[in-house]
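Next come the chains, spelled out residue by residue.
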Amino acid sequence: MEEKKTLFDYLAQVFVIFGFSILVLNIFCLMFGNSAQEISTMFALGSRGIPAGICFQFLCISVLVVAARFVFFTDTLIRNMPIWLRTICMLATVIVVIVAFTITFRWFPADMWQSWAMFLLCFGISFLSSCFVMAIKEKMENRKMANALQKLKEQEEHTA
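So, here's what we can say about the structure.

### Observations concerning the nonpolar core
Turning to step 1, where the next piece is worked out: Among the nonpolar cores identified, the biggest contains 25 residues, and Leu25, Met42, Ile54, Phe58, Ile61, Ile98 and Trp107 are the most heavily contacted of them.
Turning to step 2, where the next piece is worked out: Listed by contribution, the elements that provide at least two residues to this core are helix H1 (7-36), helix H2 (52-73), helix H3 (83-104) and helix H4 (113-159).
Turning to step 3, where the next piece is worked out: In terms of residues, this core owes the most to one element, H2, which gives six residues.
Turning to step 4, where the next piece is worked out: Apart from the residues lying within four places of it in its own chain, the contact partners of phenylalanine 58 are Phe18, Ser21, Ile22, Leu25, Met42 and Trp107.

Put into structure tokens, the structure is as follows:
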């Protein structure tokens, strides 16, 4: 049984996603900032950092990702959808949001296929990494629950 989440749980998710995104973007700024300064608003400051407007855009995306996660991975709005379909819908939603932000805020030229290829590569690596981390987390939680159940059974045997 999953515990009921509060607003603070969702805010924590927003700031975890935001923090990770900004960390990765800062690394990219250091690596590619000066060479991408002229073609991308994300790298307008070169290797000196990230413009404040871009930070707020990433915060907004973080909120939208957590909202999509709420829609697709709780039973609050959608009740009878298989997990694989929920995952596909979530991925599609996130990609559409990022594409919309990319075009609207000129993160990189919309007609430059290399930028889109790098975006898809980075997105894919991030997605697979998060799947890996979630699988490890679930395994650890399952092991913890199995150990707790085993201890409970042992206590029942000793008291009986």
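### Concerning the packing of H2 against H3
Turning to step 1, where the next piece is worked out: Between H2 and H3, the shortest axis-to-axis distance is 10 Å and the interhelical angle comes to 160 degrees. As summarised for this structure, H2 and H3 are arranged roughly antiparallel, according to the angle between their axes. As H2 runs across H3, the sense of the crossing is right-handed. Along its contact with H2, which presents Gln57, Cys60, Ile61, Leu64, Val65, Ala68, Arg69, Phe72 and Phe73, the element H3 presents Ile83, Arg86, Thr87, Cys89, Met90, Thr93, Val94, Val97, Ile98 and Phe101.
Turning to step 2, where the next piece is worked out: For the contact of H2 with H3, a count of residues per class yields 14 nonpolar, three polar and two charged.

### Looking at unusual backbone geometry
Turning to step 1, where the next piece is worked out: Phi is positive for arginine 106, close to 50 degrees, though the residue is something other than glycine.
Turning to step 2, where the next piece is worked out: Along the chain, arginine 106 turns up in the loop between H3 and H4.

What counts and how
Residues numbered from 1 in each chain as written. Predicted model: local features only at pLDDT ≥ 70, side-chain atom pairs only at ≥ 80, totals over all residues. Heavy atoms only, no water. Core = buried A, V, L, I, M, F, W, Y, C linked by side-chain atoms within 4.5 Å. Buried < 20%, exposed > 50% of the residue type's maximum accessible area, 1.4 Å probe, protein only. Helix = DSSP H or I, 4+ residues; strand = E, 2+ residues; numbered from the N terminus. Contact = heavy atoms within 4.5 Å. Axes fitted to C-alpha atoms, helices over the stretch in contact; angles between N-to-C directions. Parallel < 35°, antiparallel > 145°, perpendicular 65-115°, else oblique. Left-handed = near helix turned anticlockwise from the far one by under 90°. Nonpolar A, V, L, I, M, F, W, Y, C, P; charged D, E, K, R; others polar.

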